[in-house]
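Structural characterization, general
If you want the building blocks of each chain, they are given just below.
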Amino acid sequence: MSAYRISLRAGAAGLAASVLLLCVGCVTDGAAPAAPRAAPVRHVHEGDESPPRDGRAALPYSPLCRTTKCIALTFDDGPGPYTAQLLDILGREGVRATFFLVGDKPVHTYPDLVRRIAAQGHAIGNHTWTHPVLTGLPEAEILRQLTLTQSALQQLTGVRPTLMRPPKGLTDARVTGAAKALGLAQILWNVTATDYHNTTTELVRKLVLERARPGGVVLLHDVLKWTVPAVPGIITGLRAAGYTLVTVPQLYENMRPGEQYPVWATPAPGHG
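Residues numbered from 1 in each chain as written. Predicted model: local features only at pLDDT ≥ 70, side-chain atom pairs only at ≥ 80, totals over all residues. Heavy atoms only, no water.

1. Considering the packing of helix α3 (residues 83-93) against helix α5 (residues 111-119)
Formally: Lines fitted to the C-alpha atoms define the axes, with helices restricted to the stretch that makes contact. Angles between their N-to-C directions range from 0 to 180 degrees. Here a helix means four or more residues in a row that DSSP labels H or I, a strand means two or more in a row labelled E, and each is numbered from the N terminus. Roughly parallel covers angles under 35 degrees, roughly antiparallel covers those over 145, roughly perpendicular covers 65 to 115, and oblique covers all other angles. By the definition used in this description, the sense in which the near helix is turned from the far one sets the handedness, with an anticlockwise turn below a right angle giving left-handed and a clockwise turn giving right-handed. Note on contacts: a residue pair is in contact if any heavy atoms of the two residues lie within 4.5 Å. Polarity classes work like this: nonpolar for Ala, Val, Leu, Ile, Met, Phe, Trp, Tyr, Cys and Pro, charged for Asp, Glu, Lys and Arg, and polar for all others, with Gly in that last group.
It is at 11 Å that the axes of α3 and α5 come closest, and there the two elements cross at 15°. When the axis of α3 is compared with that of α5, the two are roughly parallel. For the pair α3 and α5, the sense of crossing is left-handed. Between α3, through Thr83, Ala84, Leu87 and Asp88, and α5, the contact on the second element is made entirely by Leu113, Arg116 and Ile117. When the residues that make up the contact of α3 with α5 are grouped by side-chain class, the tally is four nonpolar, one polar and two charged.

2. Things to note about α5
Where we set the bar: The classification of residues rests on relative accessible area computed with a 1.4 Å probe and restricted to protein chains. Under 20% of the type maximum is buried, over 50% is exposed, and intermediate values are partly exposed. The directions from the helix axis to the C-beta atoms form the arc being described.
Looking at α5, one finds that the buried residues are Leu113, Val114 and Ile117. The buried residues of α5 all sit within an arc of 105° when viewed along its axis, so they share a single face. Among the exposed residues of α5, those pointing more than 90 degrees away from its buried face are Asp112 and Ala119. Buried positions along α5 lie against α3, β2 (98-101), α4 (105-109), β3 (123-126) and α6 (139-157). Directly after α5, the chain includes Gly121, whose backbone phi takes a positive value near 90°.

3. Quick notes on the pattern of salt bridges
We count it as follows: Salt bridge, as used here, is a side-chain nitrogen of Lys or Arg placed within 4 Å of a carboxyl oxygen of Asp or Glu.
Per the stated rule, a full pass over the model turns up nine salt bridges. Where Arg239 meets Glu93, a salt bridge forms, and the shortest distance between an N and an O atom there is 3.1 Å. Of this pair, Arg239 sits in helix α9 (residues 231-240) while Glu93 sits in helix α3, placing them 146 residues apart in sequence. Residue Arg239 is classed as partly exposed on the basis of its relative accessible area, which comes to 37%. In this structure Glu93 comes out as partly exposed when scored by relative accessible area, which is 28%.

4. Notes on the confidence of the model for the protein chain
Counted only if it meets this: Every residue is assigned a pLDDT by the predictor, reflecting its confidence on a scale from 0 to 100.
Confidence in the prediction of the protein chain, expressed as mean pLDDT, is 84, and 76% of residues score 70 or more. Counting contacts from residues 1-57, a segment whose pLDDT is below 50, to residues more than four positions away or on other chains yields 113 contacts.

5. Thoughts on unusual backbone geometry
For the bond running from Gly78 to Pro79, omega is 0°, close enough to zero to count as cis. By secondary structure assignment, the location of Pro79 is in the loop between β1 (70-76) and α3. With an omega of -15°, the peptide bond running from Tyr261 to Pro262 counts as cis. One can find Pro262 in the segment after β9 (260-261). Located in the positive-phi region is Asp77, a residue other than glycine, with phi close to 80°. By the secondary structure assignment, Asp77 is in the loop between β1 and α3. For Asp77, a relative accessible area of 10% translates into the label buried. Of note, Thr128 is a non-glycine position whose phi angle comes to about 75°, a positive value. In this structure, Thr128 sits in the loop between β3 and α6. For Thr128, a relative accessible area of 0% corresponds to the buried category.

Okay, structure coming up:
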């Protein structure tokens, strides 16, 4: 094991312990303390109906995106073997996206890609250390999963993330409390091509364009070989429909740690 990883694990473990001491009993504002295994308040799985077409009035959109058709492309589970190709595409198109990175093997396998994502001006979010369903974990492990990834990403980029995406979109009061303690807004989604199941480039492109909506947060995965080649057509189609492509921090203003963005009345399907 490299000195980098030993140092990272030791430092992150200490930070996780400190956060745990500060955050015992953390809950959302005004909520009663949650039971150790509280039921998730957001449950996302394949087959759920899509959310309403346009819920912009209920969300704190930025001044630009209150008057413009904004949409944010987000990519989960990387970096991976196709991320460099995606960064080339985004660079050629002049588009900035948001990447939710998994801390353990992906980040440590591709540290230069993490630095490149940051250097190109893309937003980076925390997607946990090993991509578990957080609602099934003890509170201490939820904190560890997020804290280790925070430390890894800050060490590589010099910037501490302010965004996280819970795997599969599953969150509850304990996940919300951990995110709040670490200064992380919870970023969900309301547009997806369910690209872990729809495994052709043309279908991924078609579904994103059909499901796009003003103020949309698009869920895609840069670790899938059929998804990345769909991105040029997605960008072209969105622009032709009048969309401005933004990062999640450009889409919303004054995001609050622990809060969820977007908030949907009916869960959106997707892998996360």
